[in-house]
Every structure is written in structure tokens, then in C-alpha cells.
Amino acid sequence: MRYQPLLALSACVLCAPAFATQYLSAEQAQQLMFPDATAFRPQPLALNAAQMQQIEKLSGLPARSVNWRVVGAYKGDALLGYMVLDDVTGKFELISYAVGLNPDATVRQVEVLAYRESHGGEVRLPAWRRQFVGKSASGGGLTVGEGIANISGATLSCTHLTDGVRRIAAIAQVMLKK
Amino acid sequence: MNLNKKLIAVALGAAFLSAPLHAGASEKELKARMDKMATELEELKAALKASMQKTAELEARQQQIAATEAKNASANSAANTAAITAAATSAATATATSVATNVATTVATDLANSRAEAARSAPSTIFTGYGEINYNRPTKNASAAQADIRRAVIGIEHRFDEKTKMVSEFEWEHGVVSASDKGESEIEQLYVEREFSNGLRGKVGLFLMPVGLLNTNHEPTAYYGVERNFVETAIIPTTWREVGVGLSGDTAFGLTWDAGITTGFDLGKWDATSEEGRESPLGSIHQEGQMAKSRDLAFHGALNWRGVPGLLLGGSVFSGKAGHNTEGFAANDARVTLYDLHARYTPGPWDLSALYARGQISNTEALNATFVGNPTPVPKSFAGWYTQAAYQLLKSGDYTLSPFVRYEQFNTAKSYAYVPQGLGVETGPDEKVTTVGASLKVGEGVVLKADYQKFKEDKSRDRLNLGMGFAY
Amino acid sequence: MRLLLFVLAATALLAGCSGGDGGSTPATPAAPVSRLSAAAQLGQKIFNDASLSASGRQSCASCHAPDHAFGPVNDLSAQPGGPNLDTPGFRAVPSLRYMEKTPAFFFAADGTPTGGFDRDGRAQSLAEQAQRPFLAPHEMANASKQDVVDKLKKAAYIAEFRALYGAAITDDAEQAFSRMTFAIQAFEQEAPEFHPYDSKYDQFLAGKVQLNDAELRGLALFNNPQKGNCAACHPSARGADGASPLFTDFSFDNLGLPRNQRIPATADPTYFDLGLCGPDRTDLAGRKDLCGAFKVPTLRNVATRKVFFHNGAFNTLKDVVSFYVRRDTNPEEWYPAGPDGTIQKFNDLPPEYRANVNTAEVPYNRKPGMAPALTPAEIDDVVQFLGTLTDGYQKP
């Protein structure tokens, strides 16, 4: 069971130089983000009104949903961080992605699980996703044009994805920060 | 206890019922999913067991406290103990409840996920659209002021399954379409796209040529200025679409490539008596999939590199003959070639772009000899370039104000093939246009624009433009 | 990967296909008579049958000679007809070539009268046009349709006629006459000699021959909207659908031609041939603004003619082109002087209709004293160019 995600990953690698078909699964994503983790525990969040207001204030965006899919990564009993799964609309279609967060609510990694648009697939590029690393909601730099560069021809996808990450960073700061 | 077991049973049943929804998923994925759910179940059971144990321990401790307190028996202590007991009980219940809630939530979330995933992979149809309403006022000729519904477009995209989708776009120009009105209605895109297992995408149908910066990104919210820039309308005939097949793919270091074989142009449509060919040479001979002559097909290729975030460098080439071996036509050997180079860089609030495009039509000597005396023979070459800078000046809530400036230089007839006895038409100077203006974006789908355009050669065209555009 | 390679190979193959030059089909030679339909073959016989006239010596081919582009063989302003071939006519004979694309008469969206057959557009089809010459007193001068059919019954091909239309066809004069004109129409539409498209200009359009220097200059002047501007009514370009140019847009124009005294009818000072508004055509008698306008004819084979315009006013192409260009700058070259010495411009129209004359379009939009649109040398070039429109050009 444990080797399945590894097998899938290596298959993807063999498919390079082209991007592998769409699916990075959630398991693959969490392995990529937390390679030393020994256990992943689902820790879904349910926000209350007050928390949603805080998140809105912090991110400048509506909190959008009450429920959020969060997975905690543990090495033994030590918390390594969290992974939050989410979907946003690009230009017309859904982008499935995951944000890895450190316990201090800074962004650890962003992975795109499924990208369906015909244009703008460059959001999957490591170089573009690296722009998010180390940033936090309060620290700023998580807006297109202010810390995150746009991708020409895919402005909407970039903006929505960046907004999604910023929202998740705000949620992490409000709900998960230790 | 029973409640929790019931919940688990319901969850399992619902999970298996939802299996049929995964219509597009492969067996392998189903199996993986089931395995995943099994693992989660195990974890849940373990967690539940652990919390059960804790509850039991709590109860035991609680009884001990109660017993000790009862030994020291005093009315207050009893009351306190009762309170503590009550608190402990409610805490235990709360823990159990929260565990149950967690289980239910996780299961429900998983259910929602599966439903969402099912929904994503199930066929879906979305409507898209954009529109522009423009006002132009030549500064030296107010009686030529004009307000026009430049275009209204509706697009329908239908996703058949994870890998296959259909894209269509229908357009109406200039407000009213009829034989005696000036409007036109047309099909701008109509193609089917399929994604292959190695990331390659293929499309068949009527689709946009991957040329320049504007052609594939032509919604009014995507460019600066009320009117589309001249280089990408007069030289590159935006919105340029052809019928054929195309392939595209990405590489891991940010390179996107496109290639394809499509219909091309029909030089037999060239009208030397009208001004159309002077406004846009390729625009006057495009076929747009309209019973398009296809004896001569054309190929195109494009490369776009976005390896550095915020930077785009790219280019394209298109080439095809345009005579179609037509009986009695003097230019059956003519070949139309167009190539472009473009760059766009968006550091912080800046949006800088530059583009160069050049077109050539070869073997037009015999045809132009038949056009002597007419005002618009076929040009041998036509070209243009522009540079543009925009800056996001103000951002307040939903509103974003971005002033911009653009300088473009183009010539729709840079050279002609030789015509004897000096009977050809003289080439003219490049037209140079400076555009200064601003865009006010309201949210991300609506834009209000204003700009002023100054023409170097034909000063009667200087004009003020206002426009409203939207895209969704 | 393999899929990619396959697709690329297919791409290369297809691209190769488009580059090849299969060579266009060569122009078909004149089709032998046997390729015409039965009706057209009969039509040809009727067309050439002089016995169908009162004089017994005049057929359609007498005035519309097959070896003169189906136009007149001499320079007479109007051909004589009638029972003794001495009744004078009223209008010059037009060429019958390239008629098959002429539309029936209609008013275009902007009100422009367009189409129709005869110089005033009064006939709606070639069959309709073929009727009058049989019956007109100054043409084949038959007394009635019955008269014509009686002559038909004595023709050598009557058996063929009856075989196609039924043995009883000649019992009904109306029906038989209508079939006769229909057969003539079939002949005019089908026979390749009515639309050969093998002039030097056609071959030049196809990129197969080059025009000589004078002809090329002439074409440039013909097309140039500021010089000859002839192409405005006589289009010289291929249609977008590949159709060869017919050098007419089927419209009508009022040129204010000088009165031709060689037509006997003009001896009567009250006689005026007003084209669209009469006297031959009667349905537009109320449209006084159209008085004096005649159909723009094709210029194909114009160089084979010796008589030009509806009233045969000129006999050389050089005069024709010069008239267009110098009508208003030098009216004294064209019109007679009245008793008081003033030039009687547009004297083939009654005074109340002289305002209808086209004075707005290049090249006849000049005033006296202005330079004409073309110099004499340029006029010669245009005439040279018009010579390229003659069918039957063989590359030397």
C-alpha cells in the first residue's frame, strides 16, 4: 500500500519531459510535501462565524467555505505541518491543488493536483510555485503583482490560484498556528 | 456506541453506492480509492478505540474521585463532586461526540469529495462570453463620432470527460446582422480537444492560431486600449482562426509548443479595387472556415517559454500557399508566410510587452500586373511592431486603475513585387500610432477603458476612444 | 512518443501534398456541335435560317454574325431589314456574346436599374429577346407568329423540331414560336462560341501571356479611378468566386451622345430614342429620370466592331474613347453648333432630359477649360488595351 504512491510518482517521472497527465493524487502530494512523515491524519476544519471574519480580514478574501480538508503530517508524535486541499476555478475549469503549511502557518509548498484548462498550465511549473514558499498571510507577498508574478495568457488562473493559497494561509494562521 | 457503528455502516453503504458515480474513473482508481477508504476506516476505528479507552479511564477516575469525596462527605463537596462528575461526564460525552462528529465529518467530507470528484469528472457544460461596446470620436471630425457594439460573444464549452472537451464561440459584430445592415455573425471557434496520456493535447476543428499576444487572448479584459492594437489587427488578422488539426504540449522547464496543419488564405479573394487589402492584407483574404478552399493547406508552429515567473518569450510561424491551383488564376504559386516574435514581462505592478510581426506573399508579379491602375495591388511584404507599458496605479477593493502607453509602427504594404513601366503603386511610410490611456477594472470581469490615439501619417484619424468590456 | 512521431510524419506528408503542383486543366477547345443539347442544336439551325424572314434573306446570323463575335459585319449605324431589306433600323446591333450571365431586369437596393436584355433592358430573358426580331417590321418583318411558324414548317429541320417537342407542336403557333425562341436561347447559352473566354486578356489574367507595353499602360489607365475609370462600369477583375470579368456591371448609363443623323428616323426632330423610358420600352415611361439611359454593354470583342453605342454615333474605338474623355472639355468636337453659334450639347435628348446626362463620374466630369482625363497618347494606349479583349488569341 505504501509503495503505490511511489509507483505512481515514478511513472510520472518516466513521462517527462511532458507534464504527466493530470492527476497528482492527494497522497502523492502529501508525500512530496512531507517526505519524512510517518503518519498523515485527517484533521478537517469547520469554521465558525468569528473565525471566518478573522480570515476575511487577514486575507482580504471571503472565507468561502465552512469546511476545509486538512491533513496533519506527523513524524511519530511530532507535528511536521499541514496540507490543505482545495479547488478553485481557473478561467473556466476547476484547478485542484494542495498547500503544504509549516506549523507556524508559513507556506511550505504548493502542488497542483489537476489542471484542466488548455492554457495557463505553467502554474504547475516549479519556478512559479516556488514563489509561495516561506510566505504567510500576515507577511504578505501572496498577491499577483505584489509578490507573485503573473503568467501571461493565464491571468485568471494565476489570480484565483494565488487567492486560494492566500486564503489557506490565512486559515492556517487563524486556525492551525501553534 | 451503537450510534457510531450505525454511522460507519451508513458511511460504508453510501461510499459503495457512490461508486457508480465514478463513471469516468478507471478500475485502478476505484481500487485505490477503496483501499484509501479502508485505511481511513482502520484509522478511525483506532481513534475511536483510543477515545473509548480514555472515556473509560475518565469514568473510572471520576468514580474514584466521587468515592473519595463521598468519604470526606460534605454537602459542598458532594455538590462539587456532582458538578465535577457532571463536567467529566459531559466532557467524556463531548469527547465521544466530537470523535463521532469527526468521524461523521471525515466521512461526510470524503463523501463530498467523492461527489465533487464525480461531478468534476462527469460531463459538464459551461457558458462563457465577452463583449465590447466602443465609442470613437475623431478629434478633427466630430461628425464621424460613432458608438458601436463592437462584438458580443457567447461561448459554450462542454467537457465530455476528464480528457475530452468541446470549445465553441459565437460572435455578433456591430449590433444588427442582416443583408442590409453592417453587422456580421460568425463562428469564432468550434473545436474538440483531447488530452493524451503523456500530456499531449490534440485539437480538431476551427481554432485560433497561436500567434502573437492578442489572438488567443482577445477578451476586452485581457488587453489595454479600447481598440485592439493595429499590429495585431492589420498585420496579424486577429481574431484569426483556421480549420484543421493542432497539437500542443508543455515541457517541464516552461516551454509550451503548438503545431498544426490547417486551411490557409485564398488570394483569389483579393479585391484590388477596394481599400480592404490596404487595411489588413491577410484580413481581406482570410477564409474563416467558410467553405474554405483547401487544396493548399498551411502549417503553423509556435513556441512560448514561461520558465521565469512573470516572463513570456515566444514566437510563431505560419506558412501556406494561397492559390489552390485555381483555373485561370495568375498567382497559383503565391505563398503566404507570417511570423511573429513577442515578449511580455510583468514584474510587480508593471505589465510590459513588445511584439514584432512580418508577413510575406510571394510570386505575385503576374497577379499584380493584372491589377495595374487599381489602388490596392497585393503587397509583397507587410510588417509592424509595438511596445507597450502598463502600470497598476491604484487598487482599492474591487477597483484597479491601470494607465498605459503604447507605441506602434506598421505598414500594410512595405514592398510590392516588381511591376513594369512604373505602373505599380508607390509604397508609403509606416504609420506610427501612439496610444495613451487607462483601464479601470471592476472586479475581474468588467473593464472601463479610455484612451487617446495619435496618428503620425494620417492625422485625420486622431481620436478619443471610450469603451466598456466584460468577460466571463 | 510513438504517437507523436506518427503524427509528425503524417504532418510532413500532408505538407508535402500542398506544395505539389498538379497543373490546371488546359482550356477545352471549341466543343463539337454534337455536345449541344437537342434544343440547342435546333436553336443553332433556327439562328442561321434566313428563310424565317419576310425577305427570305435575313436570319439572326445576318446581323449577329458568328465570325464577328455575333455582332455586325459593317459600319452601318443600324442594319436594314423588312421584306426588301431596305427598311431602316433604329439602333446599332450589339454583340450576342457573353449574355448568359446577364440577370433579368431589376432595381438594385440603391435604386440602380440593372440587367435585362436589349439595349434598354426590356426583355427578361434571351428567349424573350429573340421574339421581337422575327416580328419587327424593320427586322425580319414576319406578319405574325403564325407567319413564322408557317415558314418553320417548311424548314429542313422540322422533323427534328417535331421529334423534340411533339408532332402536334406546330398546330399551335404560340407554343411553337415559344419553343423556337427557347431553342435559340439554349443555343446562345450552351454553345461555347458564345463565351470562349480565350482572349489575350483572359490568358493574361491566368498568368500565361504578358501584355505589351502599350496594352499594359492602357489597362492601368482603364482601371485607374482618377484617369480612365472605365472599370467602374466595365469591371476588369476576376470575381471573388473566380468568374472571368465580363466588362459590364449590367447597369445603365446616360452618356449624352451626339445625335446620329445617319439614322433616318432622326430626320424627325421630335423623334428621340430615350432607352429605359421609351419608346421601345414602355413599362418605365413614368421614370423621367431614367430617360436617355442605355445598357452598359460588354467590352469583350469591342475591337472587332466598326459601329459603337446604341445609336452608332462613332465608327472607331479611338473616337469612342476620345468622346468619353473630351466630351465636356471640347464639346465642339462632338456636337453641332446651333444657328446662334452655341454648341448643342446632348442634342440626342430633348432639352428637359439633358440634365439626366452623367456628368459626375470620371472621366466625363470635366468642365470646359479643364484638361481631359487622358492625353491623346493615353487614349491610344487604352485602345490598344481594348484590342486584347478580342476572343481567339493565339500565343505567337
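What counts, and at which threshold
Residues numbered from 1 in each chain as written. Chains lettered and ligands numbered in written order. Predicted model: local features only at pLDDT ≥ 70, side-chain atom pairs only at ≥ 80, totals over all residues. Helix = DSSP H or I, 4+ residues; strand = E, 2+ residues; numbered from the N terminus. Buried ≥ 20, exposed ≤ 12 C-beta atoms within 10 Å, placed from the backbone. Contact = placed C-beta atoms within 7 Å. Nonpolar A, V, L, I, M, F, W, Y, C, P; charged D, E, K, R; others polar. pLDDT = per-residue confidence, 0-100. Axes fitted to C-alpha atoms, helices over the stretch in contact; angles between N-to-C directions. Parallel < 35°, antiparallel > 145°, perpendicular 65-115°, else oblique. Left-handed = near helix turned anticlockwise from the far one by under 90°. Expected span 1.5 Å × (residues − 1). Arc of directions from axis to C-beta. Domains from an automatic or database assignment. Core = buried A, V, L, I, M, F, W, Y, C linked by C-beta atoms within 7 Å. Pairing = 2+ DSSP bridges.

Q: Explanation requested: the overall build of chain C in the structure shown.
A: When its secondary structure is counted, chain C shows 12 helices and 4 strands. Projected onto the principal axes, the alpha-carbon positions of chain C cover approximately 90 × 70 × 45 Å. Across the 396 residues that make up chain C, the buried fraction comes to 44%.

Q: Is there a simple way to explain the overall build of chain A in this structure?
A: Summing up its helical and strand segments, chain A has 5 helices and 8 strands in all. Reading chain A from its N terminus to its C terminus gives the helix and strand order α-α-β-β-α-β-β-β-β-α-β-β-α. Looking at chain A as a whole, 48% of its 178 residues qualify as buried.

Q: Please clarify how the interface of chain A and chain B should be interpreted in this entry.
A: One frequently used descriptor of interface size is the decrease in accessible area upon assembly of the parts. Between chain A and chain B, the contact holds 33 residues from the first and 37 residues from the second. When contributions to the side of chain A that touches chain B are tallied by element, the ones reaching two or more residues are α1 (3-15), β3 (67-75), α4 (126-129) and α5 (155-176) of chain A. A per-class count over the side of chain A that touches chain B returns 18 nonpolar, 12 polar and 3 charged.

Q: Looking at this structure, I do not really get the confidence of the model for chain A. What am I missing?
A: Do not read the predicted coordinates in detail wherever pLDDT is low. Averaged over every residue, the pLDDT of chain A is 84; the share at 70 or more is 87%. Of the regions scoring below 50 in pLDDT, residues 1-21 of chain A engages in 31 contacts with residues more than four places distant in sequence or in other chains.

Q: Help me out: how do you make sense of the interface of chain C and chain B in this one?
A: Taken together, the 30 residues of chain C in the interface contact 30 residues of chain B. Mapped by element, the contributors of at least two residues to the side of chain C that touches chain B are α1 (2-19), α9 (200-205) and α10 (213-223) of chain C. Top contributing element to the side of chain C that touches chain B by residue count: α10 of chain C, with 8 residues. Residue classes in the side of chain C that touches chain B are distributed as 18 nonpolar, 10 polar and 2 charged.

Q: Help me out: how do you make sense of the packing of helix α3 (residues 49-59) of chain A against α5 of chain A in this one?
A: Two packed helices can be described by the angle between their axes and the distance between those axes. All names here are of chain A. It is at 9 Å that the axes of α3 and α5 come closest, and there the two elements cross at 130 degrees. Comparing their axes, α5 and α3 come out oblique. Every pair of crossing elements has a handedness; the one defined by α3 and α5 is right-handed. Side by side, α3 and α5 meet where Gln51, Gln54, Ile55, Leu58 and Ser59 of the first sit next to Arg166, Arg167, Ala170, Ile171, Gln173, Val174 and Met175 of the second. Residue composition of the contact of α3 with α5, grouped by class: 6 nonpolar, 4 polar and 2 charged.

Q: Would you take a moment to explain α5 of chain A for this structure?
A: The end-to-end C-alpha distance of α5 of chain A is 30 Å, a good match for the 32 Å that 22 residues give at a rise of 1.5 Å each. Judged by how many residues are buried, α5 of chain A sits mostly within the fold: 18 of 22 residues are covered.

Q: Would you explain helix α2 (residues 26-33) of chain A in this entry?
A: For an α-helix, 3.6 residues make a turn, and residues three or four places apart therefore share a direction. Those residues of α2 of chain A that sit buried are Ala26, Glu27, Ala29, Gln30 and Met33 of chain A. Viewed along the axis of α2 of chain A, the buried residues span an arc of 160 degrees, placing them on a single side of the element.

Q: I would appreciate a short explanation of unusual backbone geometry in the present structure.
A: Residues apart from glycine generally show negative phi values, whereas peptide bonds are mostly found in trans. All names here are of chain C. The omega torsion across glycine 278 and proline 279 is -5 degrees, close enough to zero to call that bond cis. Among the secondary structure elements, proline 279 is positioned in the loop between β3 (252-253) and β4 (294-295). The step from valine 362 to proline 363 runs through a cis peptide bond, and the omega angle for that step is 10 degrees. You can see proline 363 is positioned in the loop between α11 (317-326) and α12 (376-386). Even without glycine at this site, phenylalanine 70 takes up a positive phi of about 55 degrees. The class of phenylalanine 70 is buried, set by 25 C-beta atoms lying within 10 Å. One non-glycine residue, leucine 85, lies in the positive phi region at around 60 degrees. Residue placement: leucine 85 occurs in the loop between α3 (60-63) and β1 (106-107).

Q: Sorry if this is basic, but what is going on with the domain arrangement of chain C here?
A: Residues and elements named next belong to chain C. According to the domain assignment, chain C contains domain 1 (35-97 + 125-194) and domain 2 (200-389). Computed over C-alpha atoms, the centres of domain 1 and domain 2 are 29 Å apart. Counting residues at the interface gives 16 residues for domain 1 and 19 residues for domain 2. A class-by-class count of the residues in the side of domain 1 that touches domain 2 yields 8 nonpolar, 5 polar and 3 charged.

Q: Before we go on, may I ask you to explain the nonpolar core in this structure?
A: As a rule of thumb, soluble globular proteins bury nonpolar side chains together. Judged by nonpolar contacts, the single largest core of 143 residues is most densely connected at Val231 of chain B together with Ile184 and Val382 of chain C. Other than its neighbours up to four places away in sequence, valine 231 of chain B contacts Ile236, Leu355, Ala357, Gly384, Trp385, Tyr386, Glu408 and Phe410 of chain B. Grouped together as the second largest cluster of nonpolar side chains are 50 residues, Ala26, Ala29, Val110 and Tyr115 of chain A included.

Q: Looking at this structure, how should I read the environment of leucine 58 of chain A?
A: All names here are of chain A. If you trace the backbone, leucine 58 turns up in helix α3. With 49 residues separating them along the chain, leucine 58 and valine 107 place their C-alpha atoms 15 Å apart. In this structure leucine 58 touches Ala137, Ser138, Ala170, Gln173 and Val174, once residues within four positions along its chain are discounted.

Q: I keep staring at the pairing of strand β4 (residues 78-89) of chain A and nothing clicks. Help me out?
A: Consecutive side chains of a regular strand alternate in pointing toward one face of the sheet and then the other. Residue and element names in this part refer to chain A. With 7 bridges connecting them, β3 and β4 associate as antiparallel partners. In the strand pairing of β4, glycine 72 is matched with tyrosine 82. Where β3 folds back on β4, the antiparallel hairpin that results is connected by 2 residues, among which glycine 76 adopts a positive phi of roughly 70 degrees. The pairing of β4 with strand β5 (residues 94-101) spans 8 bridges and is classified as antiparallel. Each bridged residue has a counterpart across the sheet, and for valine 84 the counterpart in β5 is valine 99.

Q: What is the right way to read the environment of serine 118 of chain A from this model?
A: Assignment of secondary structure puts serine 118 of chain A in the loop between β6 (107-115) and α4. When the 19 C-beta atoms within 10 Å are taken as the criterion, serine 118 of chain A is described as partly exposed. Discounting chain neighbours no more than four positions away, the residues touching serine 118 of chain A are Glu193 and Arg201 of chain B.

Q: What am I meant to see in the environment of alanine 371 of chain C here?
A: Residues and elements named next belong to chain C. Among the structural elements, alanine 371 can be located in the loop between α11 and α12. Residue classification places alanine 371 among the exposed residues on the basis of 9 C-beta atoms within 10 Å. Separated by 45 residues in sequence, alanine 371 and arginine 326 have C-alpha atoms that sit 8.7 Å apart.

Q: Hey, could you run me through the confidence of the model for chain C in this one?
A: Residues and elements named next belong to chain C. Put simply, chain C has an average pLDDT of 90, and 91% of its residues get 70 or more. The lowest-confidence element of chain C is α1, averaging 51 in pLDDT; the highest-confidence one is α12, averaging 97. Confidence estimates for the predicted assembly give a pTM of 0.79 and an ipTM of 0.82.

Q: Before we go on, may I ask you to explain the pairing of strand β4 (residues 184-195) of chain B in this structure?
A: All names here are of chain B. Of the strand pairs in this sheet, strand β3 (residues 164-173) and β4 are connected by 10 bridges, and their pairing is antiparallel. Across the sheet, residue glutamate 173 finds its bridge partner in β4, namely glutamate 184. Strand direction decides the pairing type here: β4 and strand β5 (residues 201-208), joined by 6 bridges, are antiparallel. Residue pairing for β5: valine 192 is matched across the bridge by valine 204. As consecutive antiparallel partners, β4 and β5 are separated by 5 residues, and within that stretch glycine 199 has a phi angle of approximately 90 degrees, a positive value.

Q: What's the story with the packing of helix α2 (residues 38-47) of chain C against helix α7 (residues 158-165) of chain C in this structure? I'm lost.
A: All names here are of chain C. One way to put it is that α2 packs onto α7 with a least axis distance of 10 Å and a crossing angle of 150 degrees. On the basis of the axis angle, α2 is roughly antiparallel to α7. Viewed along their axes, α2 and α7 form a crossing whose handedness is left-handed. Where α2 abuts α7, its residues Ala38, Ala39 and Leu42 lie against Glu160, Phe161 and Leu164. Of the residues belonging to the contact of α2 with α7, the class tally is 5 nonpolar, no polar and 1 charged.

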